[in-house]
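Residue-level listing of the chains:
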Amino acid sequence: MASTFTFNDDNSLFNFVVKEGNGVKGLVDSGLTEVPDRYIQPPKHRINKLLVAESLKDMTIDLSELDGPNHDQVAKAITHAAETLGFFQVVNHGVPLELLESLKVAAHKFFAQPAEKKAVYLKGVSPSPMVKYGTSFVPEKEKALEWKDYVSMTYTNDADAHNFWPNECKEVALEYIKRSTEMVNKLLLTLIGNLGVKADDSRLDELVGLKMVNMNFYPTCPNPEVTVGVGRHSDMSTLTVLLQDGIGGLYVKKGESASPEDEEWIEIPPIDGALVINVGDTLQILSNGRYKSAEHRVRTTSTESRVSVPIFNTPLPVVKIGPFPELVARDGVARYREVMFGEYMNNFFSNSHDGKKSLGFASP
């Protein structure tokens, strides 16, 4: 497709967007009227809204009831969601609603900065390996780029966060991690307990001891029908917590269809004050396949820019992950081999998004 902002070749575009840190936002700010060819997805990867099966309106769980007389009913709803779709939403989760609003404001503030302010966090020049600003997912390996910019912050300790995370978002991002930790632990205890496995605090710390908070920015797109914000993938995490804004565009695959023609995708509608929870690959491995890491993707929109703020709650890199022994004994088979999570993570970040292929790294 032609554009008012032209490049001599793919290399010029790649340098402008990726290496110089202008991102997709830089393209849009340049007066772009049509999507460059490098962003046009093959038809099989495009999100045809006509094929979306339904909106997910009935899988919203009131977490405050987990501590009351309806505990068993709520726990059953959580485990059912994890066993089927791998996605659900929670309200009354204990994270202050004003903090959620502040996160969205901070995300817009960060990405509204001039490119040179954001580019100081590019890989290779960032003052800390725990902070990375970039675009798409693995642009060096992608045939078609994703219409997304992001900043990723890995939590090690408060001092590092205060010293190295961007001023525009460090306070709210740090508070988001701290205020969501109790909720994540409650959910994980519920899910692990339902498997008949005991987990103490030290085991929980191993399984969700590494926390990465991302701020994702999806600029308005002149041709949303041929692009994707994020391609189809599952997360590597144990559990992911996601804050959406009110624009929408998150889709999750329903079931395991044999062919792309038979796939059904469900939109996860934005609910004011809610957080989205999804099962990651690690929990699918730990549960010996009982819980499903959700394959999901994000569409673009031509109306307004969208932000989302996930926290990926993952094991520590030195932790070995494999099916719980109790489940292997009960099931009679280990559906995944034991792997060092750091190795699983390196493999995950070395490949472009491609459905749930990342799970193949742990195949027996």
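Anything mentioned here points back to the structure above.
Residues numbered from 1 in each chain as written. Predicted model: local features only at pLDDT ≥ 70, side-chain atom pairs only at ≥ 80, totals over all residues. Heavy atoms only, no water.

Topic: the pairing of strand 4 (residues 131-135)
What counts here: Think of it in three bands: with a 1.4 Å probe and only protein chains considered, a residue is buried below 20% of the maximum accessible area for its type, exposed above 50%, and partly exposed in between. Segments assigned H or I by DSSP are reported as helices when at least four residues long, segments assigned E as strands when at least two residues long, and all are numbered from the N terminus. Paired strands are those between which DSSP finds at least two bridges.
The buried fraction of strand 4 amounts to 4 of the 5 residues, a majority that puts the element mostly inside the structure. In this sheet, strand 5 (residues 149-155) lies alongside strand 4 in antiparallel orientation, the contact comprising 5 bridges. Counterpart to V131 in the pairing with strand 5 is M153.

Considering the environment of Q244
This is how the line gets drawn: By definition in these notes, contact holds between two residues if any of their heavy atoms fall within 4.5 Å. Definition of a polar contact: a pair of N or O atoms within 3.5 Å, with one able to donate and the other able to accept a hydrogen when the atoms are protein atoms, and with sequence-neighbouring residues admitted only if both atoms are side-chain atoms.
Turning to its location among the elements, Q244 is positioned in strand 8 (residues 239-244). Excluding its chain neighbours within four sequence positions, the residues that come into contact with Q244 are K104, L250, I268, P269, P270, V276, R306 and V307. Within the structure, the side chain of Q244 is placed 3.1 Å from the backbone oxygen of I268, a separation counted as a polar contact. A distance of 3.1 Å separates a polar atom in the side chain of Q244 from a polar atom in the side chain of R306.

Quick word on helix 3 (residues 71-83)
What counts is decided by this rule: Here a helix's expected span is defined as the number of its residues, less one, multiplied by 1.5 Å.
In a regular helix each residue adds 1.5 Å, so 13 residues correspond to 18 Å; helix 3 covers 18 Å between its end C-alpha atoms and thus fits that length. At its buried positions, helix 3 is contacted by strand 2 (60-62), strand 3 (87-91), helix 7 (170-194) and strand 11 (275-279).

Things to note about the pattern of salt bridges
Quick reminder of the rule: Salt bridges are identified by distance alone: a Lys or Arg side-chain nitrogen within 4 Å of an Asp or Glu carboxyl oxygen.
The final tally for this structure, using the stated rule, is 11 salt bridges. Between E175 and R179 there is a salt bridge whose closest N-O contact spans 3.4 Å. Of this pair, E175 and R179 are both found in helix 7, 4 residues apart, which corresponds to roughly one turn of the helix. On the accessibility criterion, E175 (32% relative accessible area) is partly exposed. Of the residues examined, R179 reaches a relative accessible area of 37% and is grouped as partly exposed. Linked through salt bridges whose partners overlap, the residues forming this network are R232, K253 and E295.

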